[in-house]
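# Structural overview for review
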Amino acid sequence: MRHFLYNLSYKYQAFMQGRYGIDELNIFLLVASVVSLLLARTGVIFFFVFQILAWVLLIIALVRTYSRNISKRYEEKMKFLKLRNRFMAWYKIKRDAWQNRKTHKYFRCKKCKASIRVPKHVGKIEVTCPKCRYKFFKKV
Ligand SMILES: [Zn+2]
């Protein structure tokens, strides 16, 4: 039995040689696939759409895992990570704005769109953008 398992893992390693394998994007696709499948099982409207989506995501993840075009898969992963990081930064600002809604006001710089936080109820103030140093007046 042990020999059999050893043989199997050896064969799998040999099979995976030169293939892409698992990355963050594949894990995301697998999780999204499971979530779609669970949504489909709850019987919500269009549940068949979630069922199809679950299969499509699963197939994409499998194709990516066993792909031999490693540079292309790496490119996809980097695009995904960039999008994910942008989403997480956006989410963090929204979450902080909600948590500090009583004491601070959040808005974007008119020039560079950076997020700026100022204390509330202080009247008209001059704001300097921490990113681009652009100065403007704001009533808070
Ligand atoms: Zn700015």
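Because the structure is predicted, anything quoted here is derived from the model rather than measured. (Residues numbered from 1 in each chain as written. Predicted model: local features only at pLDDT ≥ 70, side-chain atom pairs only at ≥ 80, totals over all residues.)

## A few points about the packing of helix α2 (residues 24–42) against helix α4 (residues 70–99)
Put simply, the rule is: Throughout, an axis means a line fitted to C-alpha atoms (over the contacting stretch in the case of helices), and angles, computed between N-to-C directions, take values from 0 to 180 degrees. Think of it this way: any DSSP run of H or I at least four residues long counts as a helix, any run of E at least two long counts as a strand, and we number them from the N terminus. We call two directions roughly parallel when the angle between them is under 35 degrees, roughly antiparallel when it is over 145, roughly perpendicular when it lies between 65 and 115, and oblique otherwise. By definition, residues are in contact whenever their C-beta atoms, placed on the basis of the backbone, come within 7 Å of each other. Under this grouping Gly is polar, as are all residues other than the nonpolar Ala, Val, Leu, Ile, Met, Phe, Trp, Tyr, Cys and Pro and the charged Asp, Glu, Lys and Arg.
Their axes nearest at 8 Å, the elements α2 and α4 cross at an angle of 70°. It follows that α2 is roughly perpendicular to α4 by the angle criterion. Residue-level contacts link Glu 24, Leu 25 and Phe 28 of α2 to Glu 76, Lys 77, Phe 80 and Leu 81 of α4. The residue inventory of the contact of α2 with α4, partitioned by class, reads four nonpolar, no polar and three charged.

## Some words on the domain arrangement of the protein
For clarity, the threshold we go by: Each domain's limits were defined by an automated method or a database of domain assignments.
Looking at the assigned domains, one finds that the protein contains domain 1 (2–99) and domain 2 (102–140). Just the C-alpha atoms count here: the centres of domain 1 and domain 2 sit 39 Å apart.

## Brief notes about helix α3 (residues 47–65)
What counts is decided by this rule: Multiplying 1.5 Å by the helix residue count minus one yields the expected span of that helix. To sort residues by exposure, count the other C-beta atoms lying within 10 Å of each residue's C-beta; 20 or more gives buried, 12 or fewer gives exposed, and values between give partly exposed, all with C-beta atoms placed from the backbone. The directions considered for the arc run from the helix axis to the C-beta atoms.
Between its terminal C-alpha atoms α3 stretches 27 Å, which fits the 27 Å expected from 19 residues at 1.5 Å a residue. Where α3 is concerned, the buried positions are Ala 54, Leu 57, Ala 61 and Arg 64. In a view along the axis of α3, the buried residues occupy a sector of 105°, so they form one face of it. Exposed positions of α3 whose direction lies more than 90 degrees from the buried face are Phe 48, Ile 59 and Val 63. As for α3, its buried residues are in contact with α2 and α4.

## A word on the nonpolar core
Soluble globular proteins: nonpolar side chains tend toward being buried together. Where we set the bar: Note on definitions: a nonpolar core is a set of buried residues drawn from Ala, Val, Leu, Ile, Met, Phe, Trp, Tyr and Cys, linked by C-beta atoms within 7 Å.
If you look at the biggest cluster of nonpolar residues, it comprises five residues: Leu 25, Leu 29, Ala 54, Leu 57 and Ala 61. Contributions of two or more residues to this core are made by α2 and α3. Of the residues forming this core, the biggest block, three residues, is contributed by α3. With residues up to four places along the chain from it excluded, the contact list for Leu 57 reads Leu 29, Ala 32, Ser 33 and Ser 36.

## As for α4
Taking 1.5 Å as the rise per residue, α4 with 30 residues should run 44 Å; its terminal C-alpha atoms sit 42 Å apart, in good agreement. In terms of burial, α4 is largely open, as just one of its 30 residues are buried.

## Overview of the environment of Phe 107
Within the fold, Phe 107 resides in strand β1 (residues 104–108). Taking the C-alpha atoms as reference points, Phe 107 and Leu 29, 78 residues apart in sequence, are found 33 Å from one another.

## What to know about the environment of Lys 135
Relative to the assigned elements, Lys 135 resides in strand β4 (residues 135–139). For the pair formed by Lys 135 and Asn 85, sequence separation is 50 residues and the distance between their alpha carbons is 28 Å. In this view, Lys 135 contacts Glu 126 and Thr 128; residues no more than four positions away in its chain are not counted.

## Observations regarding the pairing of strand β3 (residues 124–128)
The condition that has to hold: Any two strands between which DSSP finds at least two bridges are classified as paired.
With zero of five residues buried, β3 is to be regarded as a mostly surface element. The antiparallel pairing of β3 with β4 creates a hairpin that spans six residues between the two strands, and Arg 133 there sits at a positive phi of about 70°.

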